[in-house]
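The residues making up each chain are set out below.
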Amino acid sequence: MTMNNVHLTISYDGTDFCGWQRQDKSNNGRPVRTVQGELEKALRKMLKADVKLYGSGRTDSGVHAFGQSANFESPVENIPVENYIRALNGLLPADIRIVGCRYEDEKFNSRFSATSRIYRYFIQAVNPPFAHESRYRWHVAHKPDINRLNAMCACLKGEIDCATFAAAGDASLSTKRYLEDAHFYWQDEESGLLVFQIEANAFLWKMVRSITGTLIECDKKGFAPGEFERILKSCDRSQALTTAPASGLFLYKIVFDGTMRHDRWNNS
């Protein structure tokens with residue numbers, strides 16, 4: 001049977017999910033609600049067959065996505081890509097949407113073909129968010145100093161041991177990651193909407209939230225930029241400060257046309 005490699009781009013509100021990855025026995029031997037699980041359920045209804053979905057990033061409970069990437073082998077030939085979008089969005093719950101679809105060659109894999117992942121973290125400074133925004137932002141009561149924050153971010157580039165920011169229980173073989181970029185910018189300074197963007201070949205468990213929270217706490221305490229670099233280079237989890245909540249974090253984009261870094265760093 002000829003199989004077609006279908007590549008989906010997915011957005012979701014992660015608030016009511018136990019993360020991306022299917023967990024069949026987490027709740028006293030019963031499955032919990034996950035993004036992968038809901039998508040595979042919809043695909044089963046559409047294609048009348050079981051398919052395995054391969055995602056680019058394993059987002060945690062409560063984490064959202066603008067542009068998650070996943071692929072699967074479809075047993076049905078010649079379905080126009082727009083039909084996948086229309087049919088799946090008709091079968092999926094309202095907190096998941098297919099925003100893109102295309103066919104790939106047989107070697108493509110959303111996880112292993114990705115060269116980097118980009119996350120964005122949304123921070124609402126000073127003014128509390130409106131009610132409809134509160135699921136998607138972290139409210140901090142002070143106005144961060146963006147110049148100090150970006151000075152601290154200067155050390156987040158290149159091959160780095162990120163052990164300081166790995167959550168207990170992370171099962172990665174290596175805590176080293178290659179960071180392409182990390183910086184803050186005001187999306188709307190007047191309203192207090194601050195964004196932290198970070199790009200790396202892969203991420204440790206809760207790494208982005210730990211880095212974000214530590215940066216914001218260092219700024220709040222008025223630390224010099226060198227203090228954050230000291231925390232990073234300590235490779236000591238106990239040196240990390242606040243872990244930012246999941247609500248403000250979005251998997252923004254999966255990059256496939258960048259530089260392929262070390263293959264052993266395939267966690268995300």
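Look up a bit, the structure's there.
These remarks concern the structure in this document. If you're wondering where the values come from, they're calculated on a predicted model, not measured in any experiment. (Residues numbered from 1 in each chain as written. Predicted model: local features only at pLDDT ≥ 70, side-chain atom pairs only at ≥ 80, totals over all residues. Heavy atoms only, no water.)

**With respect to the packing of helix α1 (residues 35-47) against helix α2 (residues 81-91)**
For any two helices packed against each other, the geometry is given by the interaxial angle and the distance between the axes. Using the following cut-off: Axes, fitted as lines to C-alpha atoms, cover a helix only where it is in contact. Angles between the N-to-C directions of the axes lie from 0 to 180 degrees. Numbering of helices and strands runs from the N terminus, with a helix taken as a DSSP run of H or I at least four residues long and a strand as a DSSP run of E at least two residues long. In this scheme, a crossing is called left-handed if the near helix is turned counterclockwise away from the far one by less than a right angle; it is called right-handed if the turn is clockwise. Note on contacts: a residue pair qualifies if any of its non-hydrogen atoms lie within 4.5 Å across the two residues. Three classes are used: nonpolar for Ala, Val, Leu, Ile, Met, Phe, Trp, Tyr, Cys and Pro, charged for Asp, Glu, Lys and Arg, and polar for all others, with Gly counted as polar.
At a closest axis distance of 9 Å, the pairing of α1 and α2 adopts a crossing angle of 115 degrees. Like other packed secondary-structure pairs, α1 and α2 cross with a definite hand, here right-handed. Contacts between α1 and α2 involve Ala42, Leu43, Lys45, Met46 and Leu47 from the former and Asn83, Tyr84, Ala87, Leu88 and Leu91 from the latter. For the contact of α1 with α2, the residue count by class is eight nonpolar, one polar and one charged.

**Describing α2**
Test applied: Exposure categories follow from relative accessible area, calculated using a 1.4 Å probe and restricted to protein chains: below 20% of the type maximum is buried, above 50% is exposed, and the middle band is partly exposed. By construction, the arc corresponds to the directions joining the helix axis to the C-beta atoms.
Listing the buried residues of α2 in full gives Tyr84, Leu88 and Asn89. In an axial view of α2, the angular spread of the buried residues amounts to 110 degrees, which keeps them on one side of the axis. Residues of α2 that are exposed and angled more than 90 degrees away from the buried face: Arg86 and Gly90. Along its buried surface, α2 packs onto β1 (4-12), α1, β3 (64-74) and β4 (96-104).

**Some remarks on the packing of helix α3 (residues 146-153) against helix α4 (residues 207-220)**
Note the threshold: Here the angle decides the label: under 35 degrees means roughly parallel, over 145 means roughly antiparallel, 65 to 115 means roughly perpendicular, and every other value means oblique.
At a closest axis distance of 10 Å, the pairing of α3 and α4 adopts a crossing angle of 130 degrees. Here α4 runs oblique to α3, going by the angle between their axes. The way α3 lies across α4 gives a crossing that is right-handed. Two secondary-structure elements touch here, α3 through Arg148, Leu149, Met152 and Cys153 and α4 through Leu215, Ile216, Cys218 and Asp219. Here the residues of the contact of α3 with α4 sort into six nonpolar, no polar and two charged.

**Brief notes about the pattern of salt bridges**
Should their charged atoms come close, side chains of opposite charge can pair. Here is the rule we go by: The term salt bridge refers to a side-chain nitrogen of Lys or Arg lying within 4 Å of a carboxyl oxygen of Asp or Glu.
As enumerated under the stated definition, the model contains 15 salt bridges in all. In this structure, the salt-bridge partner of lysine 41 is glutamate 38, at a minimum N-O distance of 3.6 Å. Of this pair, lysine 41 and glutamate 38 both sit in helix α1, three residues apart, roughly one helical turn. Taken together, the shared-partner salt bridges connect Arg33, Glu38, Lys41 and Asp95 into one network.

Nothing here speaks to function; it is all geometry.
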